[in-house]
Amino acid sequence: MAAINLLLGAAIQVRSIGRYAIHHDKYIVADDRTVQTGSFNYTQAAARSNSENVLVMWNDAALADRYLRHWTSRWEQGSPISPSY
């Protein structure tokens with residue numbers, strides 16, 4: 001909860017979704033044209049020790065739109081989280 005409180009303290013909206021056993025999507029959409037997806041977490045262990053994968057698709061607005069629509073659908077299913085402090 002500490003990490004969530006840091007986000008909330010920085011005025012970043014956070015939501016929780018309970019519809020799925022695990023909500024495990026891992027991707028980034030940047031500039032409405034670039035998608036990064038894979039198992040990679042932004043941690044020292046991922047960068048130095050783990051077996052990870054990552055794929056970046058550049059300049060594909062249609063693909064980025066599909067990923068954004070998926071993200072939006074999950075965001076809309078979620079419930080806002082309030083700070084625990």
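Caption draft 1: Fine view of the pairing of strand β2 (residues 27–30). With 4 bridges joining them, β2 and strand β3 (residues 34–38) adopt antiparallel strand pairing. Across the sheet, residue isoleucine 28 finds its bridge partner in β3, namely glutamine 36. The hairpin turn running from β2 into β3, its antiparallel successor, is 3 residues long, and aspartate 31 in that turn takes a positive phi close to 55°.

Caption draft 2: A look at unusual backbone geometry. Despite not being glycine, alanine 11 has its phi angle at roughly 65°, a positive value. Assignment of secondary structure puts alanine 11 in the loop between α1 (2–9) and β1 (15–16). At asparagine 59, a residue that is not glycine, the phi angle is positive and equals roughly 55°. Along the polypeptide, asparagine 59 turns up in the loop between β4 (54–57) and α3 (61–77). Classification of asparagine 59 as exposed rests on a relative accessible area of 56%.

Caption draft 3: Region of interest: the packing of aromatic side chains. All chains considered together, the criterion is met by 3 aromatic pairs. With centroids separated by 4.8 Å and ring planes inclined at 70°, the aromatic side chains of tyrosine 27 and tyrosine 67 adopt a geometry described as edge-to-face. Separated by 40 residues along the polypeptide, tyrosine 27 in strand β2 and tyrosine 67 in helix α3 bring together distant segments of the chain. With relative accessibility at 23%, the residue tyrosine 67 sits in the partly exposed group. Considering the side-chain rings of tryptophan 71 and tryptophan 75, the 5.2 Å spacing of their centres and the 15° angle between planes classify their relative orientation as stacked. Of this pair, tryptophan 71 and tryptophan 75 both sit in helix α3, separated by 4 residues, roughly a single helical turn. By relative accessible area, tryptophan 71 is classed as partly exposed at 44%.

How each quantity is defined
Residues numbered from 1 in each chain as written. Predicted model: local features only at pLDDT ≥ 70, side-chain atom pairs only at ≥ 80, totals over all residues. Heavy atoms only, no water. Pairing = 2+ DSSP bridges. Helix = DSSP H or I, 4+ residues; strand = E, 2+ residues; numbered from the N terminus. Buried < 20%, exposed > 50% of the residue type's maximum accessible area, 1.4 Å probe, protein only. Phe/Tyr/Trp six-rings, centres within 6.5 Å; stacked < 30°, edge-to-face > 60°.

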